[in-house]
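Structure at a glance
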Amino acid sequence: MLKFIAFLILVGTMGSLEIDRIGMTQAIIQFILAGTVFIISEQKNRIKMLKKSLEWEK
């Protein structure tokens, strides 16, 4: 779900930048935000995987 949100942020930013509704600084901030959301979703998946492996070892 978080990856989908990051994708929507990226697509929306590119569209808004293309039709000159936002400035370059705001676009860069939104790209950073989307990247951060993507990284958080990856970490969430990794934590779930590690929890499962710890439960399996018990």
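Here the structure is a predicted model, which is why all the values come from computation and not from measurement.

**Describing the overall build of the chain**
In terms of helices and strands, the chain carries two helices and zero strands. Its C-alpha atoms give the chain a radius of gyration of 16 Å, clearly above 10 Å, the size a compact globule of 58 residues would have. Along the longest, intermediate and shortest principal axes, the C-alpha atoms of the chain span 55 × 15 × 10 Å. Counting every position in the chain, which comprises 58 residues, the buried fraction comes to 12%. Counting only carbon and sulfur atoms, one obtains 68% of the accessible surface of the chain, whose full area is about 5,000 Å².

**Digging into helix α2 (residues 24-57)**
Helix length check: α2, at 34 residues, gives a terminal C-alpha distance of 50 Å against a target of 50 Å (1.5 Å per residue), a fit within 8%. By the burial criterion, the buried members of α2 are A27, A34, V37 and S41. At its buried positions, α2 is contacted by α1 (2-18).

**Details of a nonpolar patch on the surface**
Together, F4, F7, L8, L10, V11, M14 and F31 make up a nonpolar patch on the protein surface, roughly 640 Å² of accessible area in all. When residues of the nonpolar patch are assigned to their parent elements, the largest contribution, six residues, is made by α1. Within the secondary structure, F7 is located in helix α1.

**Overview of α1**
Within an α-helix, residues lying three or four positions from one another point in the same direction, as the helix has 3.6 residues per turn. Compared with the 24 Å implied by 1.5 Å per residue over 17 residues, the 24 Å span of α1 between its first and last C-alpha is a close match. D20 sits one or two residues past α1 and shows a positive phi near 60 degrees.

Definitions and cut-offs
Residues numbered from 1 in each chain as written. Predicted model: local features only at pLDDT ≥ 70, side-chain atom pairs only at ≥ 80, totals over all residues. Heavy atoms only, no water. Helix = DSSP H or I, 4+ residues; strand = E, 2+ residues; numbered from the N terminus. Rg over C-alpha atoms; globule rule 2.2 N^0.38 Å. Buried < 20%, exposed > 50% of the residue type's maximum accessible area, 1.4 Å probe, protein only. Areas by Shrake-Rupley, 256 points an atom, 1.4 Å probe, with all protein chains shown as cover. Expected span 1.5 Å × (residues − 1). Contact = heavy atoms within 4.5 Å. Patch = residues over 30% accessible without salt bridge, like charges linked within 9 Å, V, L, I, M, F, W, Y side chains within 5 Å. Salt bridge = Lys/Arg side-chain N within 4 Å of Asp/Glu carboxyl O.

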